[in-house]
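For reference, the chains in residue letters:
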Amino acid sequence: MFEQILIGVKEDGPLDELVELATSVASAGANIHLATLVRVGNDGDERLRADRAQERLDGAVRSLEGQGFRSASSVAFMAALAGTELVRLAEQRGADLMVVGLVKRSRVGKALLGSDAQSVLLGAPCPVLCLRPDA
């Protein structure tokens, strides 16, 4: 069982499923940190998106604490690769497990855009548990 778990949550990605997956392998009273990275762009709505993401994570934190876990959340802005940022956060928090969701993409999409999941899998300082999207 794992004591320090980092859950990487996309702004509009599955949250409940990732939390359920993490708690299924967590030790009693484990520390579970939820993190969302908000990509900075040209839209100028980053602050609004970050506030929405934080509200969403706060609900999950309250639920986890009600189940006896220690929990916290963070929302950060990023201009680069989400995978690299998640690996850095896992290293900073001393995570012994990362939980992330995968996004279904075409082969061309993966070749042109790279893969955050691949960055996490190859760079993580700990095991990574992935949630596959529904088929």
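The structure displayed is predicted, hence computed values, not measured ones.

Definitions and cut-offs
Residues numbered from 1 in each chain as written. Predicted model: local features only at pLDDT ≥ 70, side-chain atom pairs only at ≥ 80, totals over all residues. Heavy atoms only, no water. Core = buried A, V, L, I, M, F, W, Y, C linked by side-chain atoms within 4.5 Å. Buried < 20%, exposed > 50% of the residue type's maximum accessible area, 1.4 Å probe, protein only. Contact = heavy atoms within 4.5 Å. Helix = DSSP H or I, 4+ residues; strand = E, 2+ residues; numbered from the N terminus. Pairing = 2+ DSSP bridges. Expected span 1.5 Å × (residues − 1). Arc of directions from axis to C-beta.

## Here's the deal with the nonpolar core
- With 18 residues, the main nonpolar core has I5, I7 and L34 as its most contacted residues.
- Ignoring any residue separated from it by four or fewer positions in sequence, one finds L34 in contact with I7, V9, L15, V19, L57, A60, V61, L64, S71, A72, S73 and S74.

## Description of the pairing of strand β4 (residues 97–101)
- Counting buried residues in β4 gives four out of five residues, a clear majority hidden from the surface.
- As paired elements, strand β1 (residues 2–8) and β4 share four bridges and run parallel to each other. Bridging across to β4, I5 finds its partner in L97.
- For β4 and strand β5 (residues 128–131), the ladder comprises four bridges, and the chain directions are parallel. Paired with M98 across the strands is V128, a residue of β5.

## A word on helix α3 (residues 82–93)
- Counted at 1.5 Å a residue, the expected span for α3 with its 12 residues is 16 Å, and the 16 Å between its end C-alpha atoms agrees.
- Within α3, the full set of buried residues consists of A82, G83, L86, V87, L89 and A90. Seen along its axis, α3 keeps its buried residues to an arc of 160 degrees; they face one direction.
- Of the surrounding secondary structure, the elements contacted by the buried residues of α3 are β1, β2 (26–39), β3 (70–78), β4 and α5 (116–123).
- Just downstream of α3 lies G94, where phi reads positive at about 65 degrees.

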